[in-house]
Amino acid sequence: MGTEPQLSWNLAHDLSEILEYHFMVNALLAGSVVAVMAGLLGWLMVLRKETFAGHTLSMMAFPGAAGAALIGVPAMWGYFVFCVAGGLAIGRSSVGGKRTWGEQSASIGAVQALALGLGFLFVSLYGGVLGDLDNLLFGTFLGISDGQVLVLLAVAVVAVAVLAVLGRPLLFASVDADVASARGVPVRTLGIVFLVLLGLAVAETSQVTGVLLVFALLVMPAASAQAVTARPGLSLALTVAIGLVVVWLGLGIAYFSVYPAGFFVTSISFAIYVGVQVGAWARGAAQRGLRPPEPELAPAEGVIV
Amino acid sequence: MFSQEFMRNALLAGTFIALACGVSGWFVVLRGQVFAGDALSHVAFPGALAAAAAGVDERIGLFGATIAVGAGIGLLGRRSFAGGRGTAAAAPADDTAIGAVFTFVLGLGVFFLTLFSTSSGGGSGIEAAHTLFGSIFGLGAGEARLAAVIALVAVGLTLAIARPLLFVSVSPDVAGARGVPTRLLGVGFVMLLGIVAAEATQAVGALLLLGLLAAPAAAAHRLAGNPYAGIALGGLLAVAAMWGGLALGYAVPGLPPSTAIVTLAVGIYYISTLVA
């Protein structure tokens, strides 16, 4: 690059400077694909309260990448193989059954611990010097090739297409599993398919944000959007919009800074999340202040608040 | 094996850390707070890096970060334990908040990592790897003794509040009506968990703690119906995984002790699902 990039007051000039570099264009393309896919699946994940499963899937990416480095194949294949396998493992061990939530989450945690232990073993076998460990864990947006962007796009298109086909029954099963099951919706199968799709989304996201910061795109935009509006279509669109803004701003700022992109992506995403939560709290407080307290009503079953 | 000083230190620290994990883990599984424990173990990493960047002892950062975040989770999560059974719909709603907060704290970790590596020039990768995955064979005699004492204190505190905590966890409403300080116990327990997380990070690392915290305790829940027998069994199984893992890590070249410990702990859990 020669000289250090300098941020000037001329934003149009800054933008054109960013877009002059092919690696930045690729990073923005990959980031956009990932933001859309993570937004859609993250929205469902937050709705289904499978945050911990999503976190465990993001940890699967670590042994994936380390294992791929060990046997000498591109890291991307490791990400996909391990995340999808993780989705199947969690789906098998946690979906349905008569176990308490405590034990379900413990069995998810067991999958995660095993995956991380395996990842650490791969790193040690690799020779102890995995120079890319930081990038693996916290993401890098440098050196995303044209081919990688295409693979990311292809996987995202397939996943979103499957999601479009399954969307209605999946939403039904997510909102009220018992009623859906009584109406003949295959709740358990849908749950496992969803976890596999989530695994694909996590595998894509971790290539941009790194393994540890996947939630910046998977959870925070969806949680923010769901706090703003209860209408599914609107909040889904808002989730994707927040994700895109976060990625573009994060990458843009990171270009002009010595600090890694993951830090900015996470911070911007978290700022939006906190802002929305504070806004929702203030709105609720204002409404409570204006109106006299309503008489206690029995909560209606099956109503999404 | 026992003639090596590093091995004796590892056994001393590891035994008590595993005991603390197994005992408090039993309550973690009972209260459905596995994700909270996981989040605490992950924030230990930025805590240690912040301390390294500031040039103070890394344990100050470890304990500071985990106890502070533990207090935060305890205060924010009004209903962070759910007695519901069946599907994930019974999951506590504030899992999303936990996820958002700890991802942000990890993001700060990257910032500190960059700060640390630019200020001290290199070595950050090794520092990061030690914090993330533990270096139990690298503990000195003084460190091991201190770790054992702190872990023992954590076990003692957990056992001291065991009875009311059990009451609150199983039946929060009734416990509240009987005058048990449910909220205080909830917050206190998560902060205690923060101490255990910071402690265990030194042995198995910030990323692998979950194996010791959740897996032996989940096995104990399956195998023992009586709470006190379950707590004892949780501690026992965790210690067994620790000893077995240390021995394997010592005997098999190339196998990190953290990996061996966690694999054994998870193996114990899977065996328990087959048995009971």
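Colleague: Please give an account of the overall build of chain B that cites residues and values.
Modeller: Per the secondary structure count, chain B includes 12 helices and 0 strands. Secondary structure elements of chain B occur, N-terminal to C-terminal, as α-α-α-α-α-α-α-α-α-α-α-α. Buried positions account for 61% of the 276 residues belonging to chain B. For chain B, restricting intrachain contacts to residue pairs at least 6 apart in sequence, the fraction spanning at least 24 positions comes to 75%.

Colleague: Summarise the overall build of chain A; cite the residues concerned and give the values.
Modeller: A tally of helices and strands in chain A yields 13 helices and 0 strands. Each helix and strand of chain A, placed in order from N terminus to C terminus, yields the pattern α-α-α-α-α-α-α-α-α-α-α-α-α. For chain A, the proportion of its 305 residues judged to be buried stands at 50%. Considering only intrachain contacts with a sequence separation of at least 6, the fraction spanning at least 24 residues in chain A is 74%.

Colleague: I'd like to hear about the packing of helix H2 (residues 22-47) of chain A against helix H9 (residues 187-209) of chain A, residue by residue, with values.
Modeller: All names here are of chain A. With their axes 9 Å apart at the nearest point, H2 and H9 run at an angle of 145° to one another. H2 and H9 meet at a crossing whose hand is left-handed. Residues Ala30, Gly31, Val34, Met37, Ala38, Leu41, Leu44 and Met45 of H2 pack against Phe194, Leu197, Leu198, Ala201, Glu204, Thr205 and Val208 of H9. When its residues are assigned to classes, the contact of H2 with H9 shows 12 nonpolar, 2 polar and 1 charged.

Colleague: An account of the packing of helix H6 (residues 141-160) of chain B against helix H9 (residues 182-204) of chain B is needed here, citing residue identities and associated values.
Modeller: Residue and element names in this part refer to chain B. Put simply, H6 and H9 touch, their axes get as near as 10 Å, and they point 150° apart. Compared by their axis directions, H6 and H9 come out roughly antiparallel. In terms of crossing hand, the pair formed by H6 and H9 is left-handed. For the pair H6 and H9, contact is made by Ala147, Ile150, Ala151, Ala154, Leu157 and Thr158 and by Leu192, Ile195, Val196, Glu199 and Gln202, respectively. Across the contact of H6 with H9, the residue classes break down as 8 nonpolar, 2 polar and 1 charged.

Colleague: Could you give an account of helix H7 (residues 146-175) of chain A, naming the residues involved and the relevant values?
Modeller: Residue and element names in this part refer to chain A. The largest bend in H7 comes to about 65°, at Gly167, with the proline Pro169 one to four residues further on. Where H7 is concerned, the buried positions are Leu152, Ala156, Ala159, Leu170, Ala173 and Ser174. Residues of H7 that are buried make contact with H2, helix H8 (177-182) and H9.

Colleague: Report on unusual backbone geometry, specifying residues and quantitative values.
Modeller: Non-glycine residue A:Lys49 carries a positive phi angle of around 55°. If you trace the backbone, A:Lys49 turns up in the loop between H2 and helix H3 (51-71).

Colleague: Kindly report on the nonpolar core, identifying the contributing residues and their values.
Modeller: The nonpolar side chains of a soluble globular protein tend to be buried with one another. A:Cys83, B:Leu212, B:Ala214 and B:Ala265 are the most contacted members of the largest nonpolar core, which totals 197 residues. Not counting residues within four places of it along the chain, the set of residues in contact with B:Ala265 comprises B:Gly211, B:Leu212, B:Ala215, B:Pro216, B:Ala238 and B:Ala241.

Colleague: Please set out the environment of A:Ala110 residue by residue, giving values where relevant.
Modeller: Mapped onto the elements of the fold, A:Ala110 is located in helix H5 (residues 101-125). In the structure, A:Ala110 is positioned 125 residues away from A:Ser235 in sequence and 33 Å away in space, judged by C-alpha atoms. Beyond its immediate sequence surroundings of up to four residues, A:Ala110 is in contact with B:Ala214, B:Ala215, B:Ala218, B:Val266 and B:Tyr269.

Colleague: Account for the confidence of the model for chain A, with residues named and values stated.
Modeller: Residues at a pLDDT of 70 or more form 84% of chain A, whose mean pLDDT is 81. Per-residue pLDDT, averaged within each element of chain A, yields its smallest value for helix H6 (residues 133-138) of chain A (66) and its largest for helix H12 (residues 232-255) of chain A (90).

Colleague: I'd like to hear about the environment of B:Asn226, residue by residue, with values.
Modeller: Looking at the secondary structure, you find B:Asn226 in the loop between helix H10 (209-223) and helix H11 (227-251). Residues B:Asn226 and B:Arg163, 63 residues apart in the sequence, show an inter-C-alpha distance of 13 Å.

Scoring rules and cut-offs
- Residues numbered from 1 in each chain as written.
- Chains lettered and ligands numbered in written order.
- Predicted model: local features only at pLDDT ≥ 70, side-chain atom pairs only at ≥ 80, totals over all residues.
- Helix = DSSP H or I, 4+ residues; strand = E, 2+ residues; numbered from the N terminus.
- Buried ≥ 20, exposed ≤ 12 C-beta atoms within 10 Å, placed from the backbone.
- Contact = placed C-beta atoms within 7 Å.
- Axes fitted to C-alpha atoms, helices over the stretch in contact; angles between N-to-C directions.
- Left-handed = near helix turned anticlockwise from the far one by under 90°.
- Nonpolar A, V, L, I, M, F, W, Y, C, P; charged D, E, K, R; others polar.
- Parallel < 35°, antiparallel > 145°, perpendicular 65-115°, else oblique.
- Bend = angle between axes of the 7 residues up to and from the residue.
- Core = buried A, V, L, I, M, F, W, Y, C linked by C-beta atoms within 7 Å.
- pLDDT = per-residue confidence, 0-100.

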